[in-house]
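# Structural features, examined
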Amino acid sequence: MSVYEQIAQARASAIGEIEQAGDMESLTALEPMLFGKKSTLGGLKRLMGEVDAADKADVGQALNQAQTDVRQAHATVKERFIAENRRAQLETERLDLTESLGGSNRGHLHLVTQTMERLEDVFVGMGFTVSEGPQAETDWYNFEALNLPAAHPARSMFDTLYLDLGERTEIGDGDGGEATNILLRTHTSPVQIRVMESNPPPIYTVCPGRVFRRDTADASHMPVFHQIEGLVIDHGISLTDLAGTLNEFTAAYFGGAIRSRLRPSYFPFTEPSAEFDITCVICEGEGCQTCQRTGWIELGGCGMVHPNVLSNCGIDSEEWTGFAFGFGIDRLALMRHGIKDLRDMYTNDVRFLEQF
Amino acid sequence: MKVLLSWLREFAPIEGDPYELADHMSDLGMAVEETRVLDPLNGVVVARVASLRPHPEADRIQLVDVEVEPNNPVQVCCGAFNMSEGDLIPFATIGTVMPDGMEIAQRKMRGEVSNGMCCSAAELNLGSDHDGIMILPQGLTVGAPLMDQIGLVGDVLWDLEINPNRPDAMSVAGVARDLAARLDVPFEIPDWSESVSEPLEGDLASINVEDGELCPRFTARVIRGVSVGESPLWMQMRLTLLGMRPINSVVDVSNYVMLELGTPNHTYDLSLVPNGHIGVRRATDGETILTLDGQERTLLSGDGLIVNEDSEPIGIAGVMGGATTEISASTEAVLLELASWESESIARTSQRLGLRSEASARFERGTDWKLNINAVQRFCYLLNEITPDGIELVGEVLDVHGALPENEAVSVRNSRMSLLLGRDFTSTEIRDLLVPIGFDVEATDSEDVQLVTVPSFRPDTETETDIAEEVARHYGYSSLGTTVPRSPDAGRLTAEQKTRRTIRQIMIGSGLVEAMPNPFLAPDDVSKAGLSVENPVQLLNPLAVEESVLRPSLLPGLLTSVGYNYSHRNRGVRLFETGAVFGASNDSTSSLPDEYEQLAALLSDSDAASAVGLLRELGDGLKVEFRLINTDDLPGLHPTRGARICIGEVEIGSVGEIDPVVLERYEIDDRCAWLDLRVDQIIQAAIADSDVPYEPVSTFPSSDVDLAFLVDEGVQASAIELTLRNAAGDELQDLQLFDVFRSDQIDQGSRSLAFSIRLQAKDRTLGEEEVGGIRQRCIEAVETSHKATLRS
Ligand SMILES: [Zn+2]
C-alpha cells in the first residue's frame, strides 16, 4: 500500500467512526483515536521519515489535508449534537404562557383621585401651584370673608352642615375674636382666602379638595363631594384673562374640539360673575339629550374677585385685580366615563373601583 | 321664570328665531333651560259634547257623541268623566299627531268605535292636568282649530333660570326690557291709568304701617262691583303655561300682574276686613295664624304681619294671606294690596315656615317700589276688562310710605371698566349699553368719569364694579375676547403633595384599591369598630342621625366598605384610603377641631404580616424607617396581634389585625390586616430623608454570617435586630431576618430567629479572623442583652 493509500484509509476509517458516533459521549470517547499521537493519522506522521525528500512536501500536504478533513467532520457532528441536546433541554422547559394563575396584582386609585390629579397636572402645566386647607372651617373663611355676611340671602344657596363643638363653638376666630360658627366647608373658597391672607400677590393657584353640603344623596347630589377652584391675583387681570385661562384649561383637559364660554351669573364673591360652560362632551356641540339640545354643558362658576373679598384679605383692589373659578370634580368624572349615578362612585364596590 | 313670546311682545316688538332669542337671553344671564315652540296641534279642534252614554261593556270608559260639525256627532270612547253635555272641549280628529308623537286613528274599544280623542291639558302640552278633559269656555267656534281659538298659534315658551341678583328679571316686563336692549328695539310699560271710569267718592279703607323698615311702602285700592268667576281662557292659558294654576278671576288677575310686572300683590274680601282697616306690624313670639292653605302657622318676633283693626293677624307679610279674608264666589268688594317688604325678613320667614311661593321668591330678591301704582292700575284695567259690567273704583289709591330710597349716582371710570373687562370702552359705548336697561348716565368734567344712576328695579347694582358687570353683560361676555395671563413663577406641586402621590402609588403598586367611604358616621359606628373616642365631633344639623358624627378614624368606613364587598361576594379585597379624620381640639388658640390626614389600609383575608409587609414597602419607597412596638389591646385591633408604629420616638400609627369580634359585627369571616398612619408625619420624615448623600459601593469582597438564636417569646425580633446592628458596627452591609421557627423541640416560650448578616469593609478585604471577631461580638451582644441563646 502506498503511503497515500494508507493516509486515505486512515482518513476514511476516522471519518467513518465519527459518523457512527450516536451521541456526544461516544464522540468524546473517540477523540483520542482521532487526534493526537495515538491516532492512526498521528501514527502516519512517523512515516514521513521514510518518504523520499522529493515527495515529502506532497505527503505532508496529504496528511494535513486528511487531518483537516477529520477535524471538520468531528466539528460538524459535535455541533449537531450540541444543537440536538439544547433542543431536547429546551423542549423539557416548554411553557403554556396562557396558563397564568390569578389576576393582576396592581391596585387602582379612586376615580375621583385620578380626576383630581389630572386636573392638578393640567393647572401645574399652566403655571399654577396647588393649595390646600382644612375641611372644618370657620364661618369667616367659608362665608364672611367671601362677601357673605350672616344675613346675606345668598347664603341659602349653600346648604351648610355645622359642627357642634360644645362650648368651643363660641370661641372667636382670627377676625377680632368674635364668636363664630364652625362648619364643614361648602366649597374650597376658604382655601383661597387663606392663600390671599398669607401670600402677597401675584397668586396663581388651584385649590382642589373635599367639600360638604346638606344635600340628600341622589343620582346627581352627594353630601360629600369634591371641587377644584382656581385663583389668580395679579396686576391688570381682567375678565378676558379669565375667559382665556378657562379656554386653555378646557382645551388641555378635554381636547381641542371642546371649547368654553362665559355667561353672566351671580355669586356674592365675584363681580362680574359668570357661569362657565363647555361644549357638550357627548355630542360635541351638535345638541343631544345630555345638554338639553343646547350643545353646551354648565361646568362651574367664576368671575372677577369681588373688591370686598380682596380687601377682606388685605389686598388693595385698586392695585390688584383677579379672577376665581370653581367646578365639581365628581361630575367631571361622571361625564367622562358615562356614569349615570353619582352614588355608584361611593359604594366602594371593587367591581366599580377596579374599572378605572 | 317662564316667559311667553306673545306676552313679551306686549312690551317690545321682539322678533327672531326662538333659539337665537334663547341664546340672547342666556348670554344676558337669564339662562334658558328650555325653549318650547308651542305645538300648532294641527287636527285638534274645538268640539261640543252632544251627549254622554255608558259603554255597554265597560265601566271605566264612557261613550261621548262629539260635534265638530253641527248636528253631525261622531262617537268617541273616553276614559274621563268630567264632561257634561254642552261642554266645549279640545278634540283630536283622526290623523292628528299628538305632541308625544302618537297618531290618532279610528279604533275599537270593547266593541265600540272611537273616532278621535277628547284631550286633557297635559295631553296637549298646555298644562299639567291629565286627570280630566280640558273644558273650554263657551263662545269659541265649534270645529275651529284649537290654537287659533285660544290665541297661541306660533307662540314660544322659554324657561329661564334667574339669578338671585336679578329681581327685575322675575317678570315678563323685565325680561322684555333686557332682551329689547340687546335687540335694539324700543321697550315701554304701557299706560293703564285711564282705563276705568272715575273713582266714586268713598272712604272704605285705611292703612296703618307701624314698622316702616319692614314695609317701606304700602299701596291699596278698594274695588267694588266684582263678580268672582272664571277668568278668560287666554288668561288661564298664560297663567298655566307660566306654571300657575288658575283659581278665579280675582286671584288670576292678581297672579297675572305679579308675573307681568314682578309685583306680588294680595286681594282681601273687603267685607271680611272690619271697617276696611289694615295694619302692618311685626309678630310676637308664638302668635298664630290660619293661612290660605288651611294650616295653622306659628310666628316668631320679627316676622311681618298684616293685621286687622283689632291687631289680629290676617296675613303673613309677603309670604301668604290668611284664610279669614279670602276671596270667594260671593265676594263683591276687594281690597287690593301692593306692598314692598324688607327682603331679609321675607326670606327668613318663608324659609322657616317652608312657604316658598312665587310672591316670596320675588320679595326675597327685592321688588320695585316704583311700580306699585302701575301695578294697581294694571290690576284694575284687567279686572275691568274681564268683568262683564265693569268694576267700580272707590276712593283714592291709598299709598303709605316714608322716605323712599333714591339711588345715588355712582362714579364710573372708563379706565376701570377697561381694566376689569379687558377691552377699552368709551363713554359713548358705556352710555349706549346702560341707558336702554334703565340706567341714567351723566357726563362729568373728567373724560374718564361719568355718573351712573341705577334704576329702582336693580337693587343689586350699587358700585362701579357692579356696573362693570352690566356693561359686560350687555356688550356680551363672549364678545370681549380672550387673553391668557402668565404666572411669573413655575407651576409645581410641593414636596408634600408629591410625596402624598408617591404614597398612593406605593399602595396601588402593592395591589391595594383606593376607597372613599362616607366620612359621616352613626353614633354607634365608633364603638362598633372597637374604638373608644370620648368626644367625637358631632354635626349640629345632620341630615340623619346615621350621618351625625365626623369620623375620628378611617377604620369604621373601611370596615363598612370591606363588609359591603363581602356581602356582594367580593372576598379578599384590599382597600386603602387617605383622608381627614377629626377630633376635639385641645388647642385654645384655634376654634377649629383637630383635623389631620390619615393613611389606612384594610386587607381582607390577610394576616398581620401582610400589613407589616405593606408598611415595609412604604418605608422602602419613601426611605423612612418605621419602628414597631408590639402592643396588646390596641383599640379595634386583635388583642395579641398589633403593634404601634414609630418614626424615631414619635408614635405615628398602628399595624396588626382587626379584632375578630369586630369583624363578626361587619359579617367579615376572614382575617383582616390593618395599617393606620399619620400622613403628615410620614411626609415630614420622607422629605427630611430625601437628600441622602451617596455612599460609594465598596469594591472589596463581602462575607456572609448566618446566626440563629433561641429567643424568648417576650423579646421582639426587632430588638435582636437592633442589637445585632449595633454590634456588627461599620462593616455591616445588610441584615435580614430570614427564618422564624417554632417547634416542640424548642423550649416552651421561645422561638428560633435566624439572621443573615453581610459584612463588607470600604477599604479592605475582611479576613477570616476579623469576620470571626465580628460574629463573636454579635453573639455575645445578643446573649447578654436579651433572653436569647445561640442555636448550635
Ligand atoms: Zn350634547
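What you are looking at is a predicted structure, and each value in this text was computed from that prediction instead of being measured. (Residues numbered from 1 in each chain as written. Chains lettered and ligands numbered in written order. Predicted model: local features only at pLDDT ≥ 70, side-chain atom pairs only at ≥ 80, totals over all residues. Heavy atoms only, no water.)

### Let's talk about the overall build of chain B
Per the secondary structure count, chain B includes 20 helices and 38 strands. The C-alpha radius of gyration computed for chain B amounts to 41 Å, which surpasses the reference 28 Å derived for 792 residues by more than 25%, pointing to a less compact arrangement than a globule. Seen through its C-alpha atoms, chain B measures out along the principal axes to roughly 125 × 90 × 55 Å. Across the 792 residues of chain B, 52% fall into the buried class. Within chain B, contacts between residues separated by at least 24 positions form 68% of all contacts whose residues are at least 6 apart in sequence. Carbon together with sulfur atoms contributes 46% to the accessible area of chain B, which is approximately 35,900 Å² in total. (Helix = DSSP H or I, 4+ residues; strand = E, 2+ residues; numbered from the N terminus. Rg over C-alpha atoms; globule rule 2.2 N^0.38 Å. Buried < 20%, exposed > 50% of the residue type's maximum accessible area, 1.4 Å probe, protein only. Contact = heavy atoms within 4.5 Å. Areas by Shrake-Rupley, 256 points an atom, 1.4 Å probe, with all protein chains shown as cover.)

### Observations concerning the packing of helix α1 (residues 3–20) of chain A against helix α2 (residues 24–34) of chain A
When two helices pack together, their arrangement is captured by the angle between the axes and the distance separating the axes. Residues and elements named next belong to chain A. Where α1 contacts α2, the axes come no closer than 10 Å and their chain directions differ by 170 degrees. Taken as axis vectors, α1 and α2 run roughly antiparallel relative to one another. Residues A14, E17 and I18 of α1 form the contact with α2, whose own contacting residues are L27, L30 and L34. Taken together, the residues that form the contact of α1 with α2 break down as 5 nonpolar, no polar and 1 charged. (Axes fitted to C-alpha atoms, helices over the stretch in contact; angles between N-to-C directions. Parallel < 35°, antiparallel > 145°, perpendicular 65-115°, else oblique. Nonpolar A, V, L, I, M, F, W, Y, C, P; charged D, E, K, R; others polar.)

### Observations concerning the packing of aromatic side chains
Applying the stated criterion across every chain yields a total of 17 aromatic pairs over all chains. On the numbers, 6.0 Å between centres and 10 degrees between planes, the contact of A:F267 with A:F269 is stacked. Note on accessibility: A:F267 and A:F269 belong to one class, buried. Every member of this aromatic cluster is reached through a ring pair, and the members are A:F123, A:F128, A:Y204, A:F249, A:Y253, A:F254, A:F276, A:F323, A:F325 and A:F327. Note that A:R80 overlies the ring of A:F81, its terminal NZ or CZ placed 5.4 Å from the centroid. Positioned above the aromatic ring of B:F457 is the side chain of B:R177, whose terminal nitrogen or guanidinium carbon lies 3.6 Å from the ring centre. (Phe/Tyr/Trp six-rings, centres within 6.5 Å; stacked < 30°, edge-to-face > 60°. Lys NZ or Arg CZ within 6 Å of the ring centre and 35° of its normal.)

### Some details on a negative patch on the surface
Together, B:E188, B:D191, B:E194, B:E198, B:E201 and B:E396 line one region of the surface with negative charge. Relative to the elements of secondary structure, B:D191 occurs in the loop between α4 (172–183) and β11 (206–209). (Patch = residues over 30% accessible without salt bridge, like charges linked within 9 Å, V, L, I, M, F, W, Y side chains within 5 Å. Salt bridge = Lys/Arg side-chain N within 4 Å of Asp/Glu carboxyl O. Lys, Arg positive; Asp, Glu negative; His and termini not counted. Charge placed at Lys NZ, Arg CZ, Asp CG, Glu CD.)

### Digging into the sheet that holds strand β2 (residues 31–37) of chain B
Residue and element names in this part refer to chain B. Read from one edge of the open sheet, 3 strands run β1-β10-β2, paired in antiparallel fashion. Taken across any chain shown, the strands that pair with only one partner, and hence form the sheet edges, are β1 (2–4) and β2. Shown here is a sheet whose adjacent strand axes are inclined to one another by a mean of 20 degrees, direction ignored. Inspection of the sheet shows β2 paired to strand β10 (residues 156–161) by 6 bridges, in the antiparallel sense. Within the sheet, the bridge partner assigned to V32 lies in β10 and is L160. Taken strand by strand, helix α2 (residues 18–27) contacts β2 and β10, and its axis lies near 165 degrees from that of β2. (Pairing = 2+ DSSP bridges.)

### With respect to the coordination of the zinc ion
Reference geometry at the metal: tetrahedral coordination by four donors gives ideal angles of 109.5 degrees; octahedral coordination by six donors gives 90 or 180 degrees. Residue and element names in this part refer to chain A. With distances of 2.2 to 2.3 Å, the protein atoms coordinating the zinc ion are C280 (SG), C283 (SG), C288 (SG) and C291 (SG). Considering all 4 donor atoms around the zinc ion, the spread of angles at the metal, 103 to 114 degrees, places the coordination shape in the tetrahedral class. Expressed as a motif, the donor residue spacing for the zinc ion is C-x2-C-x4-C-x2-C. (Donors = N, O, S within 2.8 Å, 3.2 Å for Na, K, Ca; no water. Tetrahedral: all angles 85-135°; square planar, octahedral: opposite > 155°, others 65-115°.)

### Focus: the sheet that holds β11(B)
Pairing is mixed across the open sheet formed by 5 strands, whose spatial order is β11-β14-β17-β18-β19 (chain B). The strands lining the two open edges of the sheet, one partner per strand, are β11 and β19 (320–321) of chain B.

### Concerning the side chain of A:D349
Of note, A:D349 is situated in the loop between α10 (329–337) and α11 (350–353). Polar side-chain contacts of A:D349 include one of 3.0 Å to the side chain of B:N570. (Polar contact = N/O pair within 3.5 Å; in protein donor to acceptor, adjacent residues only side chain to side chain.)

### Some words on the domain arrangement of chain B
Domains assigned within chain B are domain 1 (2–38 + 156–183), domain 2 (44–149), domain 3 (206–401), domain 4 (410–478), domain 5 (495–688) and domain 6 (703–790). Once you take the C-alpha centre of each, domain 5 of chain B and domain 6 of chain B turn out to be 34 Å apart. (Domains from an automatic or database assignment.)

### Brief notes about the environment of A:E120
In this structure, A:E120 sits in helix α5 (residues 111–125). On the basis of relative accessible area, A:E120 is assigned to the buried category, the value being 10%. Filtering out sequence-adjacent residues up to four positions away, A:E120 remains in contact with A:V130, A:P208, B:L493 and B:R501. A distance of 2.7 Å separates polar atoms of two side chains, one belonging to A:E120 and the other to B:R501.

### Things to note about the domain arrangement of chain A
With domains assigned, chain A is organised as domain 1 (3–92) and domain 2 (111–134 + 185–353). The straight-line distance from the C-alpha centre of domain 1 of chain A to that of domain 2 of chain A is 86 Å.

### Some points on the interface of chain B and chain A
Between chain B and chain A, the residue contacts involve 86 residues of the former and 88 residues of the latter. Contact between chain B and chain A buries roughly 7,200 Å² in total, counting both sides, with carbon and sulfur atoms accounting for 55%. On the chain B side of the interface with chain A, the three residues burying the most area are B:Y477, B:M516 and B:S591, jointly 10% of the side's total. Counting every contact that joins chain B to chain A gives 7 salt bridges. Put simply, B:R500 and A:E132 hold a salt bridge, and the shortest N to O gap is 2.9 Å. For the pair chain B and chain A, the interface holds 38 residue pairs in polar contact (both at pLDDT 80 or more). If you tally residues by element for the side of chain B that touches chain A, the top one is helix α13 (residues 495–509) of chain B, at 7 residues. (Buried area = accessible area lost by both parts, 1.4 Å probe.)

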